[in-house]
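For reference, the chains in residue letters:
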Amino acid sequence: MLSVIWETEGLQTVGIVLLVFASIKLLHMLGLISFSEDSIEDELELSTVRHRPEGLEQLEAQTRFSRKELQILYRGFKNECPSGVVNEDTFKEIYAQFFPQGDASTYAHFLFNAFDTDHNGSLSFEDFVMGLSILLRGTVQEKLNWAFNLYDINKDGYITKEEMLDIMKAIYDMMGKCTYPVLKEETPRQHVEVFFQKMDKNKDGVVTIDEFIDCCQNDENIMRSMHIFENVL
Amino acid sequence: MATGTAAWLPFARAAAIGWMPVASCPMPLAPRDNSKKKDELIMLNVSGRRFQTWRTTLDRYPDTLLGSSEKDFFYNEEAKEYFFDRDPDVFRSILNFYRTGKLHYPRQECISAYDEELTFFGIIPEIIGDCCYEEYKDRKRENLERLQDDQEDNKDMKLPNMTIRETMWRAFENPHTSTMALVFYYVTGFFIAISVITNVVETVPCGATPHHKNMPCGERYTVAFFCMDTACVMIFTVEYLLRLFAAPSRYRFMRSVMSIIDVVAILPYYIGLVMSNNEDVSGAFVTLRVFRVFRIFKFSRHSQGLRILGYTLKSCASELGFLLFSLTMAIIIFATVMFYAEKGSSSSKFTSIPASFWYTIVTMTTLGYGDMVPKTIAGKIFGSICSLSGVLVIALPVPVIVSNFSRIYHQNQRADKRRAQKVQKTRQARIRIAKSGSANAFLASKHHGLLNELLELTGTEEDEQKLIRNTSLLESQHHHLLHCLEKTTAHEFVDEHMFEQNCLEEALQSYPSRSPSVSSQGSCTICCCGSRRHPDPRVPRGPLQELSALHIQSNHRQPANLHLRSNLNLRAEDGSRVNCKGGQVTTAIISLPSPPSLAPHREASPSKGIAPNWCEVRS
């Protein structure tokens, strides 16, 4: 008997509670009452970041490109990214288009960090053009510097084996699965070993910038390949 | 590779320097960029509106017209621009495609015009961006359906040499094609109605007779109803067998819905015949009678609306399924809640959850019979929530079904409107007139040309001026072409009216007539050939052709005909050298299979003294 009463009473209560909640929700939806203070701020959407680059003369002075080349570069850049900045996801997308077979996202991530010199999470046209200026028109020293910067993921001035392994894996990832000969698990690691054997003169397990530059300058192959992309623009 | 990112290729190549120190072997040489073309602005003039873009923009898509060397065909040397004689509005979206890499479909453009432009510029429509692709596909499908409907109407014409089977099938499917089919259509419709009414009336209580209590009519007038039923079933059976015979693919016909309905409609009768008066199975027999009601579905052959409804329901199957599913969910939830809410109250009708189903359904569909009502407060609260939610759940999928129905219905209406013979006929007639306008122009200009020559002889200046029509260069070239064809084939163009006349005359001309005969309809009785001012080095026009030319002329313009005839007659009398009698006055016959037969007529008459610029007799 008691249980019956409980059941009916309980259900009654449930019903009334439901009704109350529904009406509160309705009022909230109609905007008559609001619960928290930051609901207004939620209205302000994140406006898209827009960026305008510095003047043409300044860029001309800072980089080694001519006025015309800068114009061409900017037109292409602005066409792809009308807002004037590239964030990391867009960058990954763009870079992945060049390597359809593999997964270029990890390497693109490292590249992004290497280009984004002021580390603000987005690549503006100045970053872009400065990086290109070094890569295409810089001295061998500058180029090697840039490469070292790319490998040094945490930017502490030393390349450790783990960092190098990450980079190597990223590069091999871009190859994808279908390669000849078939890619094995330990290939990146072996490659890192070879690299370290060549670069790490004092065998302390890390490569410093001087060791890196010295070693590269003494290596003919590397020297020759540094000049390959000079006529890109 | 999406050429939109072509701008980033130099960057990607530069970034490859990052691989150099890692590599253990030398890199291959880079390809040399020999074409050091400076990027230049290209001017595109599309029907007067000028667009300008960089050359590299256009080069992004080398397999289109603008991106390849095909555009050199449109280069205008003097203005140093590329000129395209196309729609400038559509060209906007095409050029935007080059600029942004995305092709958009402007909604206000006609779909076929847009397609044509795309084809012209060598762009495949599949690359239309996702934002516009749906719309494009929908419009294209609509257009295609419309064209197909048009074509189907044209195919409605009677094909010759159809077998009996094919004729019958066509008669069954399209009752408006022949009277027999129409009769059959109405007869079957009538019998379906009779059958349904019989079934209904059978169960009505007919009034009491002295020795029987009140019983339905079916049991009172068993024989009458049985005869009616038999007649209907016989008609239906015959109809079914005929359809089965005429069907092009019997297996497919037997599987179709309509034939299944037919079978289900007539089977109970035969089963009833077979197992009659067996008390055990009479219960089952009674159930079978229910299936007789399926005869009403046979009406769907007669009614377009019913068919559309059925088709709509079929095509909205997913919406209906969703509706059913959500209703079931809601019913179960609310029935459970109501059961537990009403458990406490005494003498509650909500004895079990399935028993509550009935209450929930009745409430959700807002029927509200009132045979089961909640008595507790909780029950009433939940009951009201139940009815509110019922309205919402049912109202949601209904517009989708309605819009589907409306779309299919309008499509059918459009097809019917076009199928209406009158519209088609007037439209075709107008098109035919426009087309034959050009043929008539040729014929008219031909005889005007002759009139010209004739009148030049008579020397009346005003008439000449009147008759010199300003035929455009295009027209005159076209006429010249037709003329050449006439000469080649030694036949001439005539209009229908003339042609039919000549067919008649052919029949009349079965006996050669040497006497001057004037045929009934004022056909030309003048033999005279076209005037010739000088014995000409031109291609000699056969006498018959000239005759026929005059023939045409005379029949086209009767008043002028008389005038000319009188002229000629005058001349003839004046000249009196032309032997326009003696076999020369023959009716001109346009159909020329027998020039040789007439030629001897001509040869008989000597051509003495060719009158200056008048009649020449040629053989």
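Residues numbered from 1 in each chain as written. Chains lettered and ligands numbered in written order. Predicted model: local features only at pLDDT ≥ 70, side-chain atom pairs only at ≥ 80, totals over all residues. Heavy atoms only, no water.

The name given to chain B in an unreviewed UniProt entry is A-type voltage-gated potassium channel KCND1, and the organism recorded there is Neogobius melanostomus. Under the Sequence similarities (unreviewed entry) heading, UniProt states for chain B: "Belongs to the potassium channel family. D (Shal) (TC 1.A.1.2) subfamily. Kv4.1/KCND1 sub-subfamily." (UniProt positions renumbered as here; feature names shortened; annotations may be inferred.)

Under an unreviewed UniProt entry, the name given to chain A is Kv channel-interacting protein 4, and the source organism is Neogobius melanostomus.

Draft legend 1. Main features of the side chain of aspartate 115 of chain B. Residue and element names in this part refer to chain B. Mapped onto the elements of the fold, aspartate 115 is located in helix 4 (residues 111-120). Note on aspartate 115: relative accessible area 18%, which makes it buried. What aspartate 115 contacts, discounting residues up to four positions off in sequence, is Pro125, Tyr136 and Lys140. (Helix = DSSP H or I, 4+ residues; strand = E, 2+ residues; numbered from the N terminus. Buried < 20%, exposed > 50% of the residue type's maximum accessible area, 1.4 Å probe, protein only. Contact = heavy atoms within 4.5 Å.)

Draft legend 2. Examining the packing of helix 3 (residues 88-100) of chain B against helix 4 of chain B more closely. All names here are of chain B. At their nearest, the axes of helix 3 and helix 4 sit 10 Å apart, and the two run at 55 degrees to each other. Classified by the interaxial angle, the pair formed by helix 3 and helix 4 is oblique. In this structure, the crossing between helix 3 and helix 4 has a hand that is right-handed. Residue-level contacts link Val90, Ser93 and Ile94 of helix 3 to Tyr114, Glu117 and Leu118 of helix 4. (Axes fitted to C-alpha atoms, helices over the stretch in contact; angles between N-to-C directions. Parallel < 35°, antiparallel > 145°, perpendicular 65-115°, else oblique. Left-handed = near helix turned anticlockwise from the far one by under 90°.)

Draft legend 3. Up close: the side chain of threonine 312 of chain B. Residues and elements named next belong to chain B. As for its position among the elements, threonine 312 is in helix 13 (residues 304-315). Of note is the side chain of threonine 312, whose polar atom sits 2.6 Å from the backbone oxygen of isoleucine 308. When sequence neighbours within four positions are dropped, the list of residues in contact with threonine 312 reads Ile401, Asn404, Phe405 and Ile408. (Polar contact = N/O pair within 3.5 Å; in protein donor to acceptor, adjacent residues only side chain to side chain.)

Draft legend 4. Representation of the sheet that holds strand 4 (residues 81-84) of chain B in the model. With respect to topology, 4 strands assemble into an open sheet ordered 2-1-4-3 (chain B), the strand pairing being mixed. The sheet is open, and its two borders are formed by strand 2 (49-54) and strand 3 (75-76) of chain B, each paired with just one other strand. (Pairing = 2+ DSSP bridges.)

Draft legend 5. Molecular detail of the pairing of strand 1 (residues 41-46) of chain B. All names here are of chain B. Summarising the sheet, strand 1 and strand 2 pair through 6 bridges and their orientation is antiparallel. Counterpart to leucine 41 in the pairing with strand 2 is tryptophan 54. In this antiparallel pair of consecutive strands, strand 1 and strand 2, the connection spans 2 residues, and serine 47 shows a positive phi of 50 degrees. As defined by bridge partners, strand 1 adjoins strand 4 across 3 bridges and the pair is classed as parallel. Bridging across to strand 4, valine 46 finds its partner in phenylalanine 84.

Draft legend 6. Quick look at the confidence of the model for chain B. All names here are of chain B. Averaged over every residue, the pLDDT of chain B is 74; residues scoring 70 or more account for 67%. Under a pLDDT of 50 for its full length, residues 513-619 has, in the predicted model, 158 contacts with residues more than four places off or in other chains. With pTM at 0.52, the complex prediction returns an ipTM value of 0.72. (pLDDT = per-residue confidence, 0-100.)

Draft legend 7. Here's a closer look at the confidence of the model for chain A. The predicted model of chain A has a mean per-residue pLDDT of 81, with 88% of residues at 70 or higher. Confidence, read as mean pLDDT per element, is least for helix 2 (residues 39-43) of chain A in chain A (52) and greatest for helix 6 (residues 105-115) of chain A (89).

Draft legend 8. Highlighting the interface of chain B and chain A. At the junction of the two partners, chain B supplies 41 residues and chain A supplies 55 residues. Here chain B packs against chain A, burying approximately 4100 Å² in sum over the two surfaces, 72% of which is carbon and sulfur. The interface formed by chain B and chain A contains 0 salt bridges. At the surface where chain B touches chain A, the tally comes to 0 residue pairs in polar contact (both at pLDDT 80 or more). Listing elements by their share of the side of chain B that touches chain A, those giving two or more residues are helix 1 (9-15), helix 14 (317-342) and helix 16 (377-395) of chain B. Among the elements that make up the side of chain B that touches chain A, the one with the highest residue count is helix 1 of chain B (7 residues). Looking at the side of chain B that touches chain A residue by residue, the classes come out as 29 nonpolar, 5 polar and 7 charged. (Buried area = accessible area lost by both parts, 1.4 Å probe. Salt bridge = Lys/Arg side-chain N within 4 Å of Asp/Glu carboxyl O. Nonpolar A, V, L, I, M, F, W, Y, C, P; charged D, E, K, R; others polar.)

Draft legend 9. Quick look at a nonpolar patch on the surface. All names here are of chain B. Judged by side-chain polarity, Phe226, Leu267, Tyr270, Ile271, Leu273 and Val274 come together as a nonpolar surface patch covering roughly 540 Å² of accessible area. Considering every element that reaches the nonpolar patch, the biggest residue donor is helix 11 (residues 257-274), with 5 residues. Structurally, leucine 273 is set in helix 11. Leucine 273 sits in the partly exposed class, given a relative accessible area of 43%. (Patch = residues over 30% accessible without salt bridge, like charges linked within 9 Å, V, L, I, M, F, W, Y side chains within 5 Å. Areas by Shrake-Rupley, 256 points an atom, 1.4 Å probe, with all protein chains shown as cover.)

Draft legend 10. Quick peek at the pattern of salt bridges. Residues and elements named next belong to chain B. A full pass over the atoms with the stated rule returns 24 salt bridges over all chains. Between arginine 292 and aspartate 229 there is a salt bridge; the shortest N-O distance is 3.2 Å. Here arginine 292, found in the loop between helix 12 (282-290) and helix 13, pairs with aspartate 229, found in helix 9 (residues 222-246); they are 63 residues apart in sequence, far enough to count as distant. Comparing arginine 292 with aspartate 229, the two get one shared label, buried. One salt bridge in this structure joins arginine 301 and aspartate 262, with 3.3 Å as the shortest N-O distance.

Draft legend 11. Here's a closer look at the UniProt feature "domain: EF-hand" (unreviewed entry) in chain A. Residue and element names in this part refer to chain A. In the UniProt entry, the feature "domain: EF-hand" (unreviewed entry) is given for residues 103-138, 139-174 and 187-222. Here residues 103-138 runs as 67% helix and 8% strand, with 29 Å between its end C-alpha atoms. This span, residues 139-174, is 72% helix and 8% strand, and a straight line between its end C-alpha atoms measures 28 Å.

Draft legend 12. Seen up close, helix 14 of chain B. Here helix 14 of chain B spans 37 Å end to end across 26 residues, near enough to the 38 Å set by a 1.5 Å rise per residue. Where helix 14 of chain B is concerned, the buried positions are Leu323, Ser326, Leu327, Ala330, Ile331, Phe334, Ala335, Met338, Phe339, Ala341 and Glu342 of chain B. (Expected span 1.5 Å × (residues − 1).)

Draft legend 13. Up close: the environment of tryptophan 54 of chain B. When you line up the elements, tryptophan 54 of chain B lands in strand 2. Along the chain, tryptophan 54 of chain B and arginine 99 of chain B lie 45 residues apart, while their C-alpha atoms are 9.5 Å from each other. Beyond its immediate chain neighbours, meaning those up to four positions away, tryptophan 54 of chain B contacts Arg75 of chain A together with Asp39, Glu40 and Leu41 of chain B.

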